[in-house]
Amino acid sequence: MSSINSPVELPDGTTMTLSDEQKQQLTDLLDSIKIDPFVNSAMEQMIKEESDYVFEGERSAEQCADILQSRIGLYLSETE
């Protein structure tokens, strides 16, 4: 893994170095990520099922989000 101060190799083989502003933006983004160690397998399965439809081109991302909101909301109301 490279350091944030090291040049980054891009997919086309060229390299670039991040500016101080870009480094700060990246650091701020990484600091803002909240990781929840709790993973509910039922919700994870719902997300996988619905996202498969998007990847197969059968639904839009918006339709997937609406369906997931409904399915997960119903699941949570039944389990609480």
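First, a word on scope: everything that follows refers to the structure included in this document.

What counts, and where the lines are drawn
Residues numbered from 1 in each chain as written. Predicted model: local features only at pLDDT ≥ 70, side-chain atom pairs only at ≥ 80, totals over all residues. Heavy atoms only, no water. Salt bridge = Lys/Arg side-chain N within 4 Å of Asp/Glu carboxyl O. Helix = DSSP H or I, 4+ residues; strand = E, 2+ residues; numbered from the N terminus. Axes fitted to C-alpha atoms, helices over the stretch in contact; angles between N-to-C directions. Parallel < 35°, antiparallel > 145°, perpendicular 65-115°, else oblique. Left-handed = near helix turned anticlockwise from the far one by under 90°. Contact = heavy atoms within 4.5 Å. Nonpolar A, V, L, I, M, F, W, Y, C, P; charged D, E, K, R; others polar. Phe/Tyr/Trp six-rings, centres within 6.5 Å; stacked < 30°, edge-to-face > 60°. Lys NZ or Arg CZ within 6 Å of the ring centre and 35° of its normal.

**Quick look at the pattern of salt bridges**
- In total, this model carries 5 salt bridges according to the counting rule given.
- Between E50 and R71 there is a salt bridge; the shortest N-O distance is 2.8 Å. Within this pair, whereas E50 is found in helix 2 (residues 41-55), its partner R71 is found in helix 3 (residues 61-79), the two being separated by 21 residues in sequence.
- Where salt bridges share partners, they join E49, E50, R59 and R71 into one cluster.

**Considering the packing of helix 2 against helix 3**
- The contact between helix 2 and helix 3 brings their axes to 10 Å, and the two run at 160°. As far as their axial angle goes, helix 3 and helix 2 are roughly antiparallel. As helix 2 packs across helix 3, the resulting crossing turns out to be right-handed. Facing A42, M43, M46, I47, E49, E50, S51 and V54 of helix 2, the residues of helix 3 in contact are A61, C64, I67, L68, R71, I72, Y75 and L76.
- Considered class by class, the residues forming the contact of helix 2 with helix 3 number 12 nonpolar, 1 polar and 3 charged.

**Let's talk about the packing of aromatic side chains**
- In this structure the tally under the stated criterion is 0 aromatic pairs.
- Note that R59 overlies the ring of Y53, its terminal NZ or CZ placed 4.0 Å from the centroid.

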